Amino acid sequence: MAMTNELLRYFRAKEKERASETAAATQCPFCSVQCTLQLVEERIVERRRYKAVPTDNPTSNGRLCLKGMNAHQHALHPERLLVPLAKVDGRFVRVRWEEALSLIAERIISIQKEDGVDAFAVYGGGSLTNEEAYLLGKFARVALKTRHIDYNGRFCMSAAAAAMNDAFGLDRGLTNPLSDIPLAQTIILAGTNVAECQPTLMPYVYEAKKNGAFIIVVDPRETKTAALADLHLPLKPGTDAALAVGIGKVLLDEGYIDEAFVRERTVGFAEWKQHIEAVEMDEIVRLTDVPEEKIRLAARKYGEAADAIVLTARGLEQQTDGYAAVRQWINVVLATGNIGRPGSGFGSITGQGNGQGGREHGQKADQLPGYRSIEHPQHRRYIASVWGVAPDELPRKGVSAYEMMQKIDAGEITGLLVMGSNPVVSSPNAAFVAKAMQKLKFLVVADMFLSETAELADLVLPVSSYLEDEGTVTNVEGRVCFRPAARKRLGEVKHDWEILCDIACKLGKGRFFPFTSAEEIFNELRLASRGGKADYYGVTYERLRRERVYWPCPDAHHPGTPRLFTERFAHPDGKARFAVLPFRPEKEETDEWYPLYLTTGRVLAHYLSGTQTRRSPALSARQPEAVVEIHPRTAKRYGIGPGMLVRIETRRGAAVVRSRYNDQIREDTIFVPFTGAALGKSTTSHPMSSIRIAACRRLSGAQLGCGQWSI
Ligand code: SF4
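Predicted model only: the values in this text are computed from it and were never measured.

What counts, and at which threshold
Residues numbered from 1 in each chain as written. Predicted model: local features only at pLDDT ≥ 70, side-chain atom pairs only at ≥ 80, totals over all residues. Heavy atoms only, no water. Helix = DSSP H or I, 4+ residues; strand = E, 2+ residues; numbered from the N terminus. Buried < 20%, exposed > 50% of the residue type's maximum accessible area, 1.4 Å probe, protein only. Contact = heavy atoms within 4.5 Å. Areas by Shrake-Rupley, 256 points an atom, 1.4 Å probe, with all protein chains shown as cover. Lys, Arg positive; Asp, Glu negative; His and termini not counted. Charge placed at Lys NZ, Arg CZ, Asp CG, Glu CD. Pairing = 2+ DSSP bridges. Polar contact = N/O pair within 3.5 Å; in protein donor to acceptor, adjacent residues only side chain to side chain. Axes fitted to C-alpha atoms, helices over the stretch in contact; angles between N-to-C directions. Parallel < 35°, antiparallel > 145°, perpendicular 65-115°, else oblique. Left-handed = near helix turned anticlockwise from the far one by under 90°. Nonpolar A, V, L, I, M, F, W, Y, C, P; charged D, E, K, R; others polar. Core = buried A, V, L, I, M, F, W, Y, C linked by side-chain atoms within 4.5 Å. Domains from an automatic or database assignment.

Each helix and strand counted, the protein has 25 helices and 29 strands in total. The principal-axis extent of the C-alpha atoms belonging to the protein is close to 75 × 75 × 55 Å. Residue burial in the protein is summarised as follows: out of 711 residues, 62% are buried. Summarising the internal contacts of the protein: among those between residues at least 6 apart in sequence, 74% fall at separations of at least 24. Counting every atom, the protein has about 25,800 Å² of accessible surface; 50% of that belongs to carbon and sulfur. Side-chain charges of the protein comprise 92 positive and 85 negative groups, with the mean position of each set lying 3 Å from the other.

Below, the structure is given as structure tokens:
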């Protein structure tokens, strides 16, 4: 025994002597904060140990959450795809890149010949870098000439983007820098659970609270964010627009309107006033199920504040009337003039890592780089000149992501390239989407893993992870951030942008895609965005290596624009728009058979559909299976104990999940995180939203095994 211990000590000492450590700078790939870190790799003989060390940056100030600490685990996971895979007789087999690229070109050409040029579509994602999102848009328009390109951001913050564009003339997630939050006297967080979704932003809210700010949280659940609120408004799901109207009514009735601001800087106030005056508070209370005194208190606290901020997120945006809900909150902001000053503004907190940049440079069906419109003759001319094509060669606008799925189902789109997304899980009405996808003649998916969407593909292309892929992303503040590559690529993986260049070459369009680095693509993006609303022309890699730059930044000497709308809004007349819109929810209602509201959302340990975080042992251990949060009284009504497997049905699908009691959720509402759940979600006449709210059938004890989904 003594001899064994002696030997062990000897070998451990030897190991230590030979241990070495390397560190590489990188950025968390998950949420829109884009925290920076150093990934430290410790090598001890054959073993490797990794540690994420937070580094300072002006957004998260050296903070890192659980997801960032463990992000490397998925990038180093043994299930990473390292070679291209083609499906033969229902099974994936390894193919060489040359074969894979030739097959893609062949199938694109044959599908476009048989079914028309628009029959081949492209589906992108809000986690792609700016360079890749930009190139995907160019690839669709120049290499494929298809009008059909869109991306998963449609199911994310598109409602807010459209609302801000229409109200302010410009869509940037936050009108103010995050450092303005502690300056506000009142902060309204509506449908946003920052504590779990962007944890490293919470210190801004804590600081505001320390400075005496009054915090109001609007959410059907008492989330971790709501727990710190001075006032929690647990509204009935789907009634956010009505609540904002109620607050607007109190502001109007009790004289909190900033007349000078309204007169000088807005249009449409008179119509809004007339509309709001006709609203009865009793109806707002009945619709929202929030007591009138609470609505009045929220309005007074907001109206009295010298500076106040309203922040929204997917909780209210991902609804059939998400656009209207955001516009109603913007009406409240405009009526009080709480915008364009330090500590006063509006924001929609983006969720995806590049939710901001990913929506600016051409991934959207109707958009060209720099927030230009694909239907605007001058915009078409400018972008065509940057790309070296004739303006009339550019296709016209296509359809949004969900409409694309409907076209796939209808057989109008028969070929699809998916890059940086997992629509089979993340789309609304996921069961329909999965079924539609199976009708495609050819599906090619570029991903790091065999995701649920990749499983359906004819060809799967392995792509690099955030650790290997250099590029830029634009964070929640509208700040362009540079992410260096921290490691060499594994196996035969390629960067997404390389794949696009390679396919373009095979299609004979290589001269338009001559790029050999992300920086070269970024330089073309800068030029393409020049003069557009999201102007990146003054942002260079050289500059980004030193600082994060707020757009618009039109030239190299421009400092960037941390705070928007200080003097004018972005409409040609410089004024913001009030909107008169319906606020009575026209949504799926509960009934005898579907008596509960089902809402979905993110949880701390997971990101999006969980393709990455489910493969991180540390994150997965924290939330290994799907759960349903349910009020104990509701649970007892249906005979459901804590930790029991239950089957949930909506009008479109069903799932089996484990119950978790939560006495801080409304009794008429249950909550299921969307990670990993291919649960059929709500569809309505409005195709781009309504993920969050669905009427849900009575719950019952289930016989299925843990974590199984039954659609
Ligand atoms: S998930 Fe968001 S908050 Fe957490 S470390 Fe990553 S970027 Fe930062």
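This is not the end of the story, as more comes after the structure.
Below, the discussion takes up the pairing of strand 5 (residues 91–94). Walk down a regular strand and you will see the side chains alternate between the two sheet faces. Relative to strand 5, strand 4 (residues 85–88) runs antiparallel, the two sharing four bridges. Following the sheet pairing, valine 88 is matched in strand 5 by arginine 91. Taking the residues between adjacent antiparallel strands as the criterion, strand 4 and strand 5 are bridged by two residues, where aspartate 89 takes a positive phi near 50°.

Now for the environment of arginine 63. Counting through the fold element by element, arginine 63 comes out in the loop between strand 3 (47–54) and helix 2 (66–70). Arginine 63 gets classed as partly exposed once you look at its relative accessible area, which sits at 23%. Spatially, the C-alpha atoms of arginine 63 and cysteine 35 are 7.0 Å apart, while their sequence positions differ by 28 residues. When residues no more than four places from it in sequence are discounted, the contact partners of arginine 63 are Cys35, Pro54, Thr200, Pro203 and Tyr204. At 2.9 Å, the side chain of arginine 63 forms a polar contact with the backbone oxygen of threonine 200.

Let us now look at the side chain of glutamine 367. For glutamine 367, the location among the structural elements is in strand 14 (residues 367–368). Here glycine 362 takes part through its backbone nitrogen, which lies 2.8 Å from a polar atom of the side chain of glutamine 367. Dropping the residues within four chain positions of it, glutamine 367 is found in contact with Arg141, Arg359, Glu360, His361, Gly362, Arg372 and Ile374.

This part takes up the packing of helix 9 (residues 240–253) against helix 13 (residues 292–304). Their axes nearest at 9 Å, the elements helix 9 and helix 13 cross at an angle of 60°. Comparing the axis directions of helix 9 and helix 13 gives the class oblique. At the point where helix 9 passes helix 13, the crossing takes the right-handed sense. Between helix 9, through Leu243, Gly246, Ile247, Val250 and Leu251, and helix 13, the contact on the second element is made entirely by Ile295, Arg296, Ala298, Ala299, Tyr302 and Gly303. Counted by class, the contact of helix 9 with helix 13 contains eight nonpolar, two polar and one charged residues.

A few words on the nonpolar core. One finds Phe139, Phe168, Trp329, Phe346 and Phe513 to be the most contacted residues of the largest nonpolar core, which totals 125 residues. With nine residues, helix 9 is the largest single contributor of residues to this core. Here this core spans two domains, and each of domain 1 (85–155 + 357–547) and domain 2 (158–348) adds at least three residues to it. Contacts of phenylalanine 513, omitting those with residues within four sequence positions, involve Leu135, Lys138, Phe139, Val142, Ala143, Cys501 and Ala504. Counting 40 residues, the second largest nonpolar core, distinct from the first, contains Leu39, Leu201, Ala213 and Ile215.

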